[in-house]
Amino acid sequence: MPERFIVSKAEDDTDPYPADENATGKLLNDLNDPCENSQSEPANEKSNIDANLYLYDDELDTRPHVSTFISSLANYENTIPSATDPDSKTAAPAARMGTLIGVFLPCIQNIFGVILFIRLTWVVGTAGAVCGFLIVLTCCCVTMLTAISMSAIATNGVVPAGGSYFMISRSLGPEFGGAVGMLFYTGTTLAAAMYIVGAVEIVLTYMAPWASIFGDFTKDADAMYNNFRVYGTLLLLIMGLIVFLGVKFVNKFAAVALACVIFSIIAVYVGIFDNINGSEKLYLCVLGKRLLKDIPIDNCTKSDTFLSDMFCDENGCDEYYKNNNVTKVKGIKGLASGVFYENVLPSFLEKGQLIAYGKNTVDIENLAPSTYNQVVADITTSFTLLIGIFFPSVTGIMAGSNRSGDLADAQKSIPIGTICAILTTSTVYLSSVLLFAGTVDNLLLRDKFGQSIGGKLVVANIAWPNQWVILVGSFLSTLGAGLQSLTGAPRLLQAIAKDEIIPFLSPFAVSSKRGEPTRALLLTIVICQGGILLGNVDLLAPLLSMFFLMCYGFVNLACAVQTLLRTPNWRPRFKFYHWGLSLVGLTLCISIMFMTSWYFALIAMGMAIVIYKYIEYRGAEKEWGDGIRGMALTAARYSLLRLEEGPPHTKNWRPQILVLSKFNDNFMPKYRKIFSFATQLKAGKGLTICVSVIQGDHHKILNRAVDAKASLRKLMDDEKVKGFCDVLVSRDIGEGLSSVIQTIGLGGMKPNTVIIGWPYSWRQEGKQSWKTFIQTVRTVAACHMALLVPKGINFFPESNHKIGGNIDIWWIVHDGGLLMLLPFLLKQHRTWRNCKLRIFTVAQMEDNSIQMKKDLKTFLYHLRIEADVEVVEMMNSDISAYTYERTLMMEQRNQMLRELRLNKKENSKIVQTLVDFKETTGDDKLPLVKAKSKN
């Protein structure tokens, strides 16, 4: 019995048995006599768990039995768990997986895939050893940098089902998370299509070519792709039925597929060193420098009639055939042959060119009317295209983070398991490039479908002891990867749907009685069928590469944003990360996307933008404390501090509206259309603050204030007012309004325009009503804010209506252009867009009305406002003294400054002179003629 007994506590945080000698004796008695224990304490489930914990031996933790390890391998499963609500507080199931079983092996299985077996040799032969090494290294660097960023994010909190979607959505917000989550779902679904097409290609091309439905596909590429479509559809239906019927079978098959992958790779390595001096099993038939196909090796000679019957007819023989000899070349030359130096340089070809040694035009260009039995390049190859084709081989690094909730120590297992898996697979890939280049002849490496060796798989013929180890292993592992994709993609879609950020996906959040996402599975099968109809791995690989690259790029962006913002909740246990590495990873992802296929990259980005905008405008509001919100706070802080550096320029003036709303007896806003008017004035943009003042004691009517604020917010949402609302409780309404006007706002974002309703009920409410109104007007004027009092607000148009007619502005008191700006802003809203603007100004009988109209039109022209101008002549007795004074002073000042053409400093001096003149003489009528004569 170990020395330490007590390892857990009861639910009430008290020790059931104190850690002393008496407690130890009681513990031993209870455990030795369960009957006595049951009499003293109910033998419920909690007691049984406590007993098991007390009997736990520390030595079992440090020295696990071999049987425990074997049992873990036997129970290995690689299915992404079902989607759960990450915010729910339900107890999680007991975690039991370690780093090896929970992270390392799932990542290994997901990274090693169909590309390794059927395309890596072709990539090496086409790109050469150097460029092929760079292709693989670039892809591995992307995944390694992404894994570092992912480890930091994953160790900053628990990542439930959904993996990358939850990491990105909780780091960058629901808009980015939903967009990238849908792209990742699409990529996973297309990956299933690629695995299925790859499995069919292995069977039809290398295992059972006799099963072709559309004839000899070696002579017709379209027939081959049609076979892939038909058999791929049948295989998809079978695999979809398996996933639908039982995920347990998929989990059991995962162990078989993983074993196949490991044994296949080992067989390839053993075969390479077993054939270090070459193999006599495979020979190629080469005409000059061109590779031939479907030629029995015994007939590979000009002395045989087999080739002459092929290249010659009644009109003579092919020129290239006549001018070149036929030779037999060993396909697998071995590491000791020095063939590596022949495979160093790239051999990129265009579609239709012939596979041959070197780049001589005579050898690679076919001038004959037929290709005969020469191997032809089926696609145009380049360095960037091969990156896109190979990149799916290195995806699958999220397999460990997807299972975070099932890990015993996710904070430790995810970084170690993922990075070790990437290092292992990268080592295999990079060494395979060099070993293939040093073992296989260049022509055989570039023969994509093994047509020159009778339709055999090149990797399979390298392996030990025979090719069927690779063929069966690669087929089963490809099926396993396809089943994993078909199982994981619906769960990812269900996780997105359960977050309710994309409304039209809500039907896919439903699970069947067995807890399976059946609806999501059906949609996944439909999308996967679309990928299968492409019928070509080389078309599918670059397409799904875009989706994975987008996902990995945003993982790097999420890590960089969180690191640079230094948010308080950013405390990952994984410390070996840096925002610079994340930005390098993001740059690599974007660069590879555009290098591989710029139009596929634009399609993927276009999809992300569309989904992002849809979530932004139609999706549910979610607050997850994400980095984008943190970035917005940082940007807002920076902007507010910048606005405080000096007074704003006139050109930057815009109405920051403060709406003072009055409540009725039911604590509902009295004038609803005042909010519509605010929306129309801001054209749905800008900052608006809506405030109401309630009379009373705050601590007594707190609940009423909360309800009033909720009704105020609802009305703002209904009228689409973008801004903030608040309710102030004050003992006096006038004082409360004064306090709001003086203190509302923050820094340079303080309101500069106040909208207040006309006091219609001043007759009924008496003196207090109009007194409060006048006091508010005076407070606004004292704060140098613009005041808008919409009289007859109930007759104003709704925001969803369109009106015509005229907007009339009586420009009586010259204000520098504010009255011109307000109707212009109104016309930006669709409600007022069809209205015409008319400007009316008042002139005295002795004024030059024609010149005033001309000057006003010039003023409007400089303001870039289109309006009709009308001058109304009035008698002096009809014009109030205040209006006359303000208008005349403005005219005198503006005209004098125009005439004198003074600079800004001199302008201030002359204005001060006018003010001093008025104060000393009391005369407002400074003769402009004298100023002109002086000039």
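Note: the structure precedes this text.
This section reports on the structure supplied with the text. (Residues numbered from 1 in each chain as written. Predicted model: local features only at pLDDT ≥ 70, side-chain atom pairs only at ≥ 80, totals over all residues. Heavy atoms only, no water.)

### Observations regarding the overall build of the protein chain
Right, on to step 1. Helix and strand counts for the protein chain stand at 35 helices and 13 strands.
Right, on to step 2. Within the protein chain, buried positions represent 49% of all 935 residues.
Right, on to step 3. With the model as given, the accessible surface of the protein chain reaches about 46400 Å², and the carbon-plus-sulfur share is 59%. (Helix = DSSP H or I, 4+ residues; strand = E, 2+ residues; numbered from the N terminus. Buried < 20%, exposed > 50% of the residue type's maximum accessible area, 1.4 Å probe, protein only. Areas by Shrake-Rupley, 256 points an atom, 1.4 Å probe, with all protein chains shown as cover.)

### Re the nonpolar core
Right, on to step 1. If you look at the biggest cluster of nonpolar residues, it comprises 170 residues, and the most contacted ones within it are Met194, Phe390, Tyr429, Phe436 and Ile470.
Right, on to step 2. The dominant element in this core, judged by the number of residues it contributes, is helix H10 (residues 174-207), at 20 residues.
Right, on to step 3. Look past the residues within four positions of tyrosine 429 in its chain and what remains in contact with it is Ile111, Phe112, Gly113, Leu116, Leu120, Val136, Phe390, Ser393 and Val394. (Core = buried A, V, L, I, M, F, W, Y, C linked by side-chain atoms within 4.5 Å. Contact = heavy atoms within 4.5 Å.)

### Quick notes on the sheet that holds strand E6 (residues 657-661)
Right, on to step 1. If you trace the 5 strands from one edge of the open sheet to the other, you get E8-E7-E6-E9-E10, paired in parallel fashion. The sheet is open, and its two borders are formed by strand E8 (723-730) and strand E10 (786-788), each paired with just one other strand. Sheet twist, expressed as the mean angle between neighbouring strand axes with direction ignored, is 20 degrees.
Right, on to step 2. By the bridge criterion, 5 bridges tie E6 to strand E7 (residues 688-695) in an arrangement that is parallel. When the sheet's bridge partners are listed, serine 661 is paired in E7 with serine 692.
Right, on to step 3. Docked against the sheet, helix H26 (residues 673-682) engages E6, E7, strand E9 (753-756) and E10, running at close to 175 degrees with respect to E6.
Right, on to step 4. Sitting on the sheet, helix H27 (residues 702-718) is in contact with E6, E7 and E8, with an inclination near 155 degrees to E8. (Pairing = 2+ DSSP bridges. Axes fitted to C-alpha atoms, helices over the stretch in contact; angles between N-to-C directions.)

### A few points about a nonpolar patch on the surface
Right, on to step 1. Together, Ile213, Phe214, Val230, Leu234 and Leu237 make up an exposed nonpolar region whose accessible area comes to about 440 Å².
Right, on to step 2. Residue position: isoleucine 213 is located in the loop between H10 and helix H11 (221-245).
Right, on to step 3. For isoleucine 213, a relative accessible area of 48% translates into the label partly exposed. (Patch = residues over 30% accessible without salt bridge, like charges linked within 9 Å, V, L, I, M, F, W, Y side chains within 5 Å. Salt bridge = Lys/Arg side-chain N within 4 Å of Asp/Glu carboxyl O.)

### Here's the deal with the state of the cysteines
Right, on to step 1. Applying the stated criterion across every chain, the model contains 2 disulfides.
Right, on to step 2. With a sulfur-sulfur separation of 2.1 Å, cysteine 285 is cross-linked through a disulfide to cysteine 300. An S-S torsion of about 95 degrees defines the bridge between cysteine 285 and cysteine 300 as right-handed. Here cysteine 300 lies in the loop between strand E2 (290-291) and helix H13 (305-311) and cysteine 285 lies in strand E1 (residues 283-287), a separation of 15 residues in the sequence.
Right, on to step 3. Across the disulfide from cysteine 312 sits cysteine 317; the S-S distance is 1.8 Å. (Disulfide = S-S within 2.5 Å.)

### Let's talk about the pattern of salt bridges
Right, on to step 1. Across all of its chains, the model carries 17 salt bridges by this definition.
Right, on to step 2. A salt bridge links arginine 119 to glutamate 201; its shortest N-O distance comes to 3.0 Å. Here arginine 119, found in the loop between helix H7 (114-118) and helix H8 (120-154), pairs with glutamate 201, found in helix H10; they are 82 residues apart in sequence, far enough to count as distant. With respect to class, arginine 119 is no different from glutamate 201; both count as buried.
Right, on to step 3. Lysine 700 is paired through a salt bridge with aspartate 697; the nearest N and O atoms lie 3.6 Å apart.
Right, on to step 4. We classify lysine 700 as exposed; its relative accessible area is 61%.
Right, on to step 5. Salt bridges sharing partners connect three or more residues here, namely Arg119, Glu201, Asp378, Lys448 and Asp538.

### Section: the packing of helix H16 (residues 383-390) against helix H23 (residues 579-596)
Axis angle and axis distance: for two packed helices, these are the angle between their axes and the distance between the axes, and together they describe the pair.
Right, on to step 1. Two elements in contact, H16 and H23, have axes whose closest approach is 8 Å; the angle formed by their N-to-C orientations is 115 degrees. Judged by the inter-axis angle, H16 sits roughly perpendicular to H23. Between H16 and H23 lies a crossing of left-handed hand. For the pair H16 and H23, contact is made by Thr384, Ile387 and Gly388 and by Ile592, Met595 and Thr596, respectively. (Parallel < 35°, antiparallel > 145°, perpendicular 65-115°, else oblique. Left-handed = near helix turned anticlockwise from the far one by under 90°.)

### Quick look at the packing of H8 against helix H17 (residues 410-437)
Right, on to step 1. The contact between H8 and H17 brings their axes to 9 Å, and the two run at 175 degrees. Classified by the angle between their axes, H8 and H17 sit roughly antiparallel to one another.
Right, on to step 2. Across the contact of H8 with H17, the residue classes tally to 22 nonpolar, 8 polar and no charged. (Nonpolar A, V, L, I, M, F, W, Y, C, P; charged D, E, K, R; others polar.)

### So, a positive patch on the surface
Right, on to step 1. A cluster of like positive charges, contributed by Lys720, Lys722, Lys802, Arg830 and Arg833, occupies part of the molecular surface.
Right, on to step 2. Turning to its location among the elements, lysine 722 is positioned in the loop between H27 and E8.
Right, on to step 3. What makes lysine 722 exposed here is its relative accessible area of 57%. (Lys, Arg positive; Asp, Glu negative; His and termini not counted. Charge placed at Lys NZ, Arg CZ, Asp CG, Glu CD.)

### Notes on the sheet that holds strand E5 (residues 326-330)
Strand pairing in a sheet relies on backbone hydrogen bonds. The paired strands run either parallel or antiparallel.
Right, on to step 1. Spatially, the 3 strands line up as an open sheet ordered E2-E1-E5, and their pairing is antiparallel. One side of each edge strand has no neighbouring strand; the edge strands of this open sheet are E2 and E5.
Right, on to step 2. As defined by bridge partners, E1 adjoins E2 across 2 bridges and the pair is classed as antiparallel. Bridge pairing links leucine 287 to arginine 290 in E2.

### Thoughts on the pairing of E1
Right, on to step 1. Among the 5 residues in E1, 4 count as buried, and that is most of the element.
Right, on to step 2. With 5 bridges joining them, E1 and E5 adopt antiparallel strand pairing. Its bridge partner lying in E5, cysteine 285 is registered against lysine 328.

### A few points about unusual backbone geometry
Right, on to step 1. Going from tryptophan 464 to proline 465, the amide bond is cis rather than trans, its omega being 5 degrees.
Right, on to step 2. Structurally, proline 465 is set in the loop between helix H19 (458-462) and helix H20 (467-498).
Right, on to step 3. At lysine 720, a position not held by glycine, the phi torsion is positive, near 55 degrees.
Right, on to step 4. On the secondary structure map, lysine 720 appears in the loop between H27 and E8.

### So, the side chain of aspartate 538
Right, on to step 1. Inspection of the secondary structure puts aspartate 538 in helix H22 (residues 537-565).
Right, on to step 2. Residue aspartate 538 is classed as buried on the basis of its relative accessible area, which comes to 5%.
Right, on to step 3. Separated by 2.5 Å, the side chains of aspartate 538 and lysine 448 make a polar contact.
Right, on to step 4. The residues contacting aspartate 538, other than those within four sequence positions of it, are Arg119, Asp378, Ile379, Ile389 and Lys448. (Polar contact = N/O pair within 3.5 Å; in protein donor to acceptor, adjacent residues only side chain to side chain.)

### Description of H16
Right, on to step 1. Burial runs high along H16: 6 of the 8 residues are buried.
Right, on to step 2. Leu385, Leu386, Ile387, Gly388, Ile389 and Phe390 are the residues of H16 that are buried.
Right, on to step 3. Against H7, H8, H17, H22 and H23 lie the buried residues of H16.

### Overview of the environment of leucine 423
Right, on to step 1. Looking at the element boundaries, leucine 423 is found in helix H17.
Right, on to step 2. Relative accessible area serves as the criterion here: at 47%, leucine 423 is assigned to the partly exposed category.
Right, on to step 3. Note: C-alpha distance between leucine 423 and methionine 144 (279 residues apart in sequence) is 8.1 Å.

### Notes on the packing of aromatic side chains
Two numbers describe a pair of aromatic rings. These are the distance of the centres and the angle of the planes.
Right, on to step 1. Counting across every chain of the model gives 17 aromatic pairs.
Right, on to step 2. The interplanar angle of 35 degrees and the centroid separation of 6.3 Å between the aromatic rings of phenylalanine 548 and tyrosine 552 together place this pair among those described as tilted. Taken together, the residues span about one helical turn, with phenylalanine 548 and tyrosine 552 both in helix H22 at a distance of 4 residues.
Right, on to step 3. Judged by its relative accessible area of 6%, phenylalanine 548 is buried.
Right, on to step 4. What makes tyrosine 552 buried here is its relative accessible area of 0%.
Right, on to step 5. In textbook terms, an aromatic cluster arises when at least three aromatic residues are bridged by ring pairs, as seen for Phe184, Phe391, Phe548 and Tyr552.
Right, on to step 6. Taking the ring centre of tyrosine 320 as reference, the NZ or CZ of arginine 290 above it sits at 3.7 Å. (Phe/Tyr/Trp six-rings, centres within 6.5 Å; stacked < 30°, edge-to-face > 60°. Lys NZ or Arg CZ within 6 Å of the ring centre and 35° of its normal.)

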